[in-house]
Amino acid sequence: MSATVIDGKELAGILRREVAEHVAASAIAPGLATVLVGDDPASGIYVASKRKLSVAAGIRDHHRHLPSDVTHDELERVVDELNADAEVDGILVQLPLPAHLDAAAVIARIHPDKDVDGLTEVSAGRLALNRPGLRPCTPSGVMRLLDWAGVDIKGARAVVVGRSDLVGRPQAQLLLARDATVTVCHRYTTDLAAVTRTADILVVAAGVPRLVGAEHIKPGAAVIDVGIHRTDEGLCGDVDFDAARQVAGYVTPVPGGVGPMTIASLLQNTVTAAELRRSRL
Ligand code: NAD
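As the structure is a prediction and not an experimental result, all values here were calculated from the model. (Residues numbered from 1 in each chain as written. Predicted model: local features only at pLDDT ≥ 70, side-chain atom pairs only at ≥ 80, totals over all residues. Heavy atoms only, no water.)

1. Examining the overall build of the chain
And step 1. In terms of helices and strands, the chain carries ten helices and twelve strands.
And step 2. Taking 19 Å as the expected radius of gyration for a compact globule of 281 residues, we find that the chain reaches 19 Å, a close match to that expectation.
And step 3. A principal-axis box enclosing the C-alpha atoms of the chain has dimensions of 55 × 40 × 35 Å.
And step 4. Counting only residues that meet the buried cut, the chain has 48% of its 281 residues in that class.
And step 5. Considering only intrachain contacts with a sequence separation of at least 6, the fraction spanning at least 24 residues in the chain is 70%.
And step 6. Surface exposure of the chain reaches about 13,100 Å², of which carbon and sulfur atoms provide 52%.
And step 7. Charge-centre separation for the chain: the mean point of 29 positive side chains lies 4 Å from the mean point of 35 negative side chains. (Helix = DSSP H or I, 4+ residues; strand = E, 2+ residues; numbered from the N terminus. Rg over C-alpha atoms; globule rule 2.2 N^0.38 Å. Buried < 20%, exposed > 50% of the residue type's maximum accessible area, 1.4 Å probe, protein only. Contact = heavy atoms within 4.5 Å. Areas by Shrake-Rupley, 256 points an atom, 1.4 Å probe, with all protein chains shown as cover. Lys, Arg positive; Asp, Glu negative; His and termini not counted. Charge placed at Lys NZ, Arg CZ, Asp CG, Glu CD.)

2. Topic: the nonpolar core
And step 1. Counting 28 residues, the largest nonpolar core has L146, L175 and I201 as its most contacted members.
And step 2. Going through the elements one at a time, α1 (8–25), α6 (137–149), β6 (157–161), α7 (168–177), β8 (201–204), β9 (222–225) and α10 (258–280) are the ones with two or more residues in this core.
And step 3. The leading source of residues in this core is α6, at four residues. (Core = buried A, V, L, I, M, F, W, Y, C linked by side-chain atoms within 4.5 Å.)

3. Observations concerning α6
And step 1. With 13 residues, α6 ought to run about 18 Å at 1.5 Å a step, and its terminal C-alpha atoms sit 18 Å apart, in line with that.
And step 2. Buried within α6 we find C137, T138, P139, S140, G141, V142, M143, L145 and L146.
And step 3. The elements touched by buried residues of α6 are α1, α7, β8, β9 and α10.
And step 4. A positive phi of about 80 degrees marks G150, the residue just after α6. (Expected span 1.5 Å × (residues − 1).)

4. Some points on the sheet that holds β9
Strands belonging to one sheet form pairs held by backbone hydrogen bonds; the direction of such a pair is parallel or antiparallel.
And step 1. Ordered by their spatial adjacency, six strands build an open sheet running β1-β12-β9-β8-β6-β7, and the pairing between neighbours is parallel. Sheet topology places β1 (4–5) and β7 (181–185) at the edges, where each strand pairs with a single neighbour.
And step 2. In this fold α6 packs onto β8, β9 and β12 (250–251), with an angle of close to 145 degrees to the strand it touches most, β9. (Pairing = 2+ DSSP bridges. Axes fitted to C-alpha atoms, helices over the stretch in contact; angles between N-to-C directions.)

5. Focus on the site of the ligand
And step 1. Around the ligand lies a shell of 20 residues, among which R163, S164, H186, R187 and T262 are the nearest.
And step 2. The backbone of H186 places a nitrogen or oxygen atom 3.4 Å from a nitrogen atom of the ligand.
And step 3. Side-chain polar atom of T262 to an oxygen atom of the ligand: 2.7 Å apart, as the coordinates give it.
And step 4. For the ligand, whose unbound accessible area comes to 860 Å², protein coverage reaches 74%.
And step 5. A breakdown of the residues in the shell around the ligand according to their chemical character gives nine nonpolar, nine polar and two charged. (Near = heavy atom within 4 Å. Polar contact = N/O pair within 3.5 Å; in protein donor to acceptor, adjacent residues only side chain to side chain. Nonpolar A, V, L, I, M, F, W, Y, C, P; charged D, E, K, R; others polar.)

6. Thoughts on the environment of H111
And step 1. Along the chain, H111 turns up in the loop between α4 (103–109) and α5 (121–128).
And step 2. In the structure, H111 is positioned 67 residues away from G44 in sequence and 24 Å away in space, judged by C-alpha atoms.

7. Notes on helix α2 (residues 41–56)
And step 1. When the terminal C-alpha atoms of α2 are compared, their 22 Å separation across 16 residues agrees well with the 22 Å that a helix rising 1.5 Å per residue should span.
And step 2. For α2, the set of buried residues is S43, V47, K50 and S54. One face of α2 carries all of its buried residues, which in axial projection span an arc of 60 degrees. Seen from the open side of α2, the exposed residues pointing more than 90 degrees away from its buried face are P41, I45, K52 and A56.
And step 3. Check the buried side of α2 and you find it contacts β2 (31–37), β5 (90–93) and α10.
And step 4. Downstream of α2 by a residue or two, G58 has a phi angle that is positive, lying close to 90 degrees. (Arc of directions from axis to C-beta.)

8. A closer look at the pairing of β9
And step 1. Neither face of β9 is open: one carries A222 and I224, the other V223 and D225, and all of them are buried.
And step 2. In this structure, β8 lies alongside β9, joined through four bridges in parallel fashion. When the bridges of β9 are listed, I201 appears paired with A222.
And step 3. As judged from the two bridges shared by β9 and β12, these two strands associate in the parallel manner. When the bridges of β12 are listed, A222 appears paired with Y250.

Shown next as structure tokens:
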């Protein structure tokens, strides 16, 4: 059996075009503020890409680049300014921050209605209680990939490997909200393969290169690989793609699977935030 490969690059392109058309057809010109602290090359590349694709979709760019020695108070003042700025609908503080800054406190400072990364406690609470709100971008992208591929979520057995605030936990909540029966695995799970083999939908976000092989996968399952690792042989994910392909029904590649969906979800969240905020004015 050879799995259907879900092309995240293609879907992300479709979604970005939909956002651009929606923005062009509406009177709203959403604004996104990206906050980059320091000169970490990887963070710089991510932020540049988010800005470029946002602008291409008609979203206004309110970027702030702060020096790596910015104080915590100065950074919080910038977040406060952006919270108060009527032109700014979404605020994204690029993580990780330099070690002298308290990332959790900075995230907590973002107004929940501008929290386009969906990482504040209010956003997490809204998600946990299944109330409307802004959802974290990567797990939202995974849900869109599953829907686009035509994978049934309602009633499916879903296993999420990883329980980070960024991916695993919100992923489990999103699947639960769609009526999947959800199990969450983490680094202390014993006999991982025995659990993952029960999954109709397997989402892997462990940060361990090629952790999941053929023996972890139920035949026909939808396997979504969130991991991304740079190795000497190039990029790879948390799933052994070639092995998974022989067993799964659907599988996402790395690169070109979940990665492009994260930015597409960010653009959609920015438009959602703009519309929600203006509807309250
Ligand atoms: P993290 O390190 O914060 O969390 C990893 C989680 O996996 C933890 O909950 C841990 O308990 C669990 N885990 C670790 N080893 C395990 C094992 N052997 N068995 C079972 N569980 C295990 O990582 P994260 O931020 O959630 O990211 C996970 C991966 O996804 C990383 O490779 C990261 O680079 C990638 N990522 C990709 C995107 C994207 O847009 N494609 C976005 C975010 C993260």
